[in-house]
Amino acid sequence: MSKVKNWHLGREMEYAYEESRPKRQWAIVFDLNKCIACQTCSLACKTTWTSGKGQEYMFWNNVETKPYGSYPLAWDVRVLEKLGPQTWAGGKYQGKTIFEGAVPSERAVHFAPTDEDWMYPNVGEDDCAGSVPNAGDHIGELPHDRWFFYLPRTCAHCTYPACLAACPRKAIYKREEDGIVLIDQSRCKGYGECVRACPYKKSMYNPHTRTSEKCVGCYPAVEQGVQPQCVVNCIGKIRVMGFINPPWKARADNPIDYLVHKKQIALPYYPQLGLEPNIYYIPPVHADPAYLRQMFGPQVDGAVERYKTLHKDPVAAGLLTLIGSTDRIMHGFRVANGVARGFDEAGQEIVDVPVTEPIIERPAVDEKTGVVHYNTP
Ligand code: SF4
Ligand code: SF4
Ligand code: SF4
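Residues numbered from 1 in each chain as written. Chains lettered and ligands numbered in written order. Predicted model: local features only at pLDDT ≥ 70, side-chain atom pairs only at ≥ 80, totals over all residues.

Caption draft 1: Highlighting the nonpolar core. Core analysis: the largest hydrophobic core is formed by 98 residues, its most contacted members being Val29, Phe30, Ala108, Ala162, Cys163, Ala266 and Tyr281. In this structure Tyr281 touches Phe30, Leu32, Ala266, Leu267, Tyr269 and Phe296, once residues within four positions along its chain are discounted. (Core = buried A, V, L, I, M, F, W, Y, C linked by C-beta atoms within 7 Å. Buried ≥ 20, exposed ≤ 12 C-beta atoms within 10 Å, placed from the backbone. Contact = placed C-beta atoms within 7 Å.)

Caption draft 2: Representation of the site of ligand 1 within the structure. Around ligand 1, the surrounding shell holds 15 residues, and the nearest of these are Cys35, Cys38, Cys41, Cys234 and Gly236. When contributions to the shell around ligand 1 are tallied by element, the ones reaching two or more residues are α1 (40–49) and β7 (149–153). For the shell around ligand 1, the class distribution of residues is 11 nonpolar, 3 polar and 1 charged. (Near = placed C-beta within 6 Å. Helix = DSSP H or I, 4+ residues; strand = E, 2+ residues; numbered from the N terminus. Nonpolar A, V, L, I, M, F, W, Y, C, P; charged D, E, K, R; others polar.)

Caption draft 3: Region of interest: helix α2 (residues 75–83). Those residues of α2 not exposed but buried are Trp75, Asp76, Val79 and Leu83. Projected down its long axis, α2 carries its buried residues within an arc of 90 degrees, all on one side. In α2, the exposed positions that point more than 90 degrees away from the buried face belong to Val77 and Glu81. Where α2 ends, the next residue or the one after it, Gly84, has phi of about 90 degrees, a positive value. (Arc of directions from axis to C-beta.)

Caption draft 4: Representation of unusual backbone geometry in the model. For the bond from Lys66 to Pro67, the omega torsion is 15 degrees, close enough to zero to count as cis. Cis geometry is adopted by the peptide bond preceding Pro72, which originates at Tyr71 and carries an omega value of 0 degrees. Along the chain, Pro72 falls in the loop between β4 (62–66) and α2. For Arg210, which is not glycine, the phi dihedral falls at a positive 55 degrees. What makes Arg210 exposed here is the crowd of 12 C-beta atoms within 10 Å. One non-glycine residue, Glu276, lies in positive phi territory at about 50 degrees. Along the chain, the position of Glu276 falls in the loop between β13 (267–268) and β14 (279–282). On the basis of neighbour counts, which here come to 24 C-beta atoms within 10 Å, the residue Glu276 falls in the buried class.

Caption draft 5: Representation of the site of ligand 2 within the structure. The immediate surroundings of ligand 2 are formed by 14 residues, with Cys155, Cys158, Pro161, Cys163 and Cys198 found nearest. Counted by class, the shell around ligand 2 contains 10 nonpolar, 2 polar and 2 charged residues.

As structure tokens, then:
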């Protein structure tokens, strides 16, 4: 085991290999206040990557309803229970990561989902938390303590991947050029150690090829400067893919760095597991704070409060309007004179959008043509 720096934890931790950060790191930010669980992302990925034999139940991108939805079944509850106490103090994680809590013969605290656990990708969809609904009581007093939110998930192309640490064949590697984590299908023998070790359950076994498979970060698109399929097809425009720097190299004009480091409104999920996952979430403002704290850590309260004031900050508001406005990867952005602009790696402008647009109300009936615009004028 080596000592490595994990900035999500605010401390060093133990990992199977020495710290080796890629030249740049693939990352996605999701605004959970905007996801509508249309599952377009799931199907965009499925039709691109997992429509073959043995992949019938495989969703590299899935969207689950929290707190009760999960794919595979109860993945989060089971991982957190096995890990034991998870406490934070002064911005530092005090508990053990899945690497530090493992028995000496194992690389990580783990569990293996059964075939049945993978068979219900939409289990718990739209189930609310809060008081148990009784017939008809939704018409009476408003149940403000009831809540749920949608959590879209892909592989996090972790800085410290548990799948990679656990693979006895060294078939899993992290690309130097973009930090994408891939399984070399010619080396994989399907032992399933990665499926057991990944706490997010984003490595999956294919019984037809008898190998493990996972989200490939849409690397062929990324190599062309294009964002992944699950990002560009997002109906709610809740996602932006780019490259994140660690906090000591953060750039304020990098969209991902801006949301994660400068504004600190996008947070990693279950950072206490110790993988430094590279998918970041803007937390939902309406969900139970205690639930959000166990999922996103103690910084979540501040992130929620800052997000609520973002519309007063023209730069932040401009960046939010850029999300979903282009299929190209934005390496930089700038907001000036009411216009938000995105730039590619060469610094060339790839998109511009007005931060606010005029609202035009059309009359119900067009007097000139006699056309009725609405069904209910
Ligand atoms: S496509 Fe976007 S809005 Fe629809 S479920 Fe996926 S992340 Fe949510
Ligand atoms: S999310 Fe899981 S499968 Fe993806 S890199 Fe991290 S440990 Fe590996
Ligand atoms: S990045 Fe590509 S491979 Fe990964 S979940 Fe999204 S669409 Fe699928």
